[in-house]
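Take a look at the letters that make up each chain.
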Amino acid sequence: MSEPQTVELTSDPVKPGFDEIVTLVIKHRIKSGEDAAYEAWLRRTVRVAGQWPGHLGVDVVRGKLGGLSLFTCVLRFCSTEAMQRWLDSPQRRELVEEAAPLLADGDQTEVAPHKEFWFAPLADASIPPPRWKQAVVTLLVILPHTLLVPLIWGPLLQMHAFLSSYVVATFLITLTIVLSVVYVCMPLATRLFAPWLEASQVHEHLEP
């Protein structure tokens, strides 16, 4: 498994640019009797990846395929550049080579559609959760923000004429909502609702 990684784009060939979150989906089908060894390897790999610049987190889904355990790892990076540096790094190459004897089908790596990174498909990169479920979770996250953020900003915006102008006030409120949703609330919500979004899969969020 020391060969260079071939990354398959599962959507538009235009890659996300710098500072745009990108989702890396890695699938490993484990040889019979090697689950415990793979679990130990996975924990160590998560710890190493968690220290990598630009790494934002990882979720793991356990399933079955052809009678063998299937692990789908969903890694998020702050940019394509950060993801590619991890893929090309000697650390990851050594880890993949170490895991090679445990894998039934080798190291399968894909880049998920970056426009749907909140709902990156966990068990099968070609089948995301139903759109209506995505809409429900998004509504549950966005609605409290639209109600509360203007109230929180209100007293501060009234302290200065410049801040209270329509464009500036709208920008500050929108920026607060976007940052909170993307970096805090949506990742938490997708993990919280993971059993519902992917009811047939076993989902786990691994911390470094």
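Whatever comes next refers back to the structure up there.
The structure presented is a predicted model; accordingly, all values stated were derived computationally and were not measured.

Caption draft 1: View of the nonpolar core. Judged by nonpolar contacts, the single largest core of 25 residues is most densely connected at Leu24, Tyr38, Leu42, Leu75, Phe77 and Trp86. Examining the composition of this core, we find that five residues originate from one element, helix α1 (residues 35-50), more than from any other. Every residue in contact with Leu24, bar those within four places of it in the chain, is listed here: Cys73, Val74, Leu75, Phe77, Met83, Trp86, Leu87, Thr109, Glu110 and Val111. By size, the runner-up hydrophobic cluster in this structure holds 13 residues, among which are Val137, Val149, Ile173 and Leu197.

Caption draft 2: Quick look at the packing of aromatic side chains. Taken as a whole and assessed by the stated rule, the structure comprises three aromatic pairs. Ring plane angle 35° and centroid distance 5.3 Å describe the contact between Tyr38 and Trp41, whose orientation is recorded as tilted. In this pair, Tyr38 and Trp41 are both assigned in helix α1, three residues apart and thus about one turn of the helix distant. In this structure Trp41 comes out as buried when scored by relative accessible area, which is 6%. Each ring, one from Tyr38 and one from Phe71, has its centre 4.7 Å from the other, and the planes form 50°; the classification is tilted. In this pair, Tyr38 sits in helix α1 while Phe71 sits in strand β4 (residues 68-77), placing the two residues 33 residues apart along the sequence.

Caption draft 3: A look at helix α4 (residues 131-157). Compared with the 39 Å implied by 1.5 Å per residue over 27 residues, the 37 Å span of α4 between its first and last C-alpha is a close match. Bending of α4 peaks at approximately 25° at the position of Thr146, with proline Pro150 no more than four residues after it. The complete set of buried residues in α4 reads Lys133, Gln134, Val137, Val141, His145, Val149, Gly154 and Leu157. Buried residues belonging to α4 abut α5 (161-164), α6 (166-192) and α7 (194-197).

Caption draft 4: Spotlight on the packing of α4 against α6. Where α4 meets α6, the closest approach of the two axes is 9 Å, and the angle between their N-to-C directions is 140°. Classified by the angle their axes make, α4 and α6 are oblique. Crossing hand, α4 versus α6: right-handed. For the pair α4 and α6, the contacting residues are Val137, Thr138, Val141, Ile142, His145, Thr146, Val149, Pro150, Trp153 and Leu157 in the first and Ala169, Leu172, Ile173, Thr176, Ile177, Ser180, Val181, Cys185, Met186 and Ala189 in the second. Each residue belonging to the contact of α4 with α6 can be placed in one class, and the counts come to 15 nonpolar, five polar and no charged.

Conventions and cut-offs
- Residues numbered from 1 in each chain as written.
- Predicted model: local features only at pLDDT ≥ 70, side-chain atom pairs only at ≥ 80, totals over all residues.
- Heavy atoms only, no water.
- Core = buried A, V, L, I, M, F, W, Y, C linked by side-chain atoms within 4.5 Å.
- Buried < 20%, exposed > 50% of the residue type's maximum accessible area, 1.4 Å probe, protein only.
- Helix = DSSP H or I, 4+ residues; strand = E, 2+ residues; numbered from the N terminus.
- Contact = heavy atoms within 4.5 Å.
- Phe/Tyr/Trp six-rings, centres within 6.5 Å; stacked < 30°, edge-to-face > 60°.
- Expected span 1.5 Å × (residues − 1).
- Bend = angle between axes of the 7 residues up to and from the residue.
- Axes fitted to C-alpha atoms, helices over the stretch in contact; angles between N-to-C directions.
- Parallel < 35°, antiparallel > 145°, perpendicular 65-115°, else oblique.
- Left-handed = near helix turned anticlockwise from the far one by under 90°.
- Nonpolar A, V, L, I, M, F, W, Y, C, P; charged D, E, K, R; others polar.

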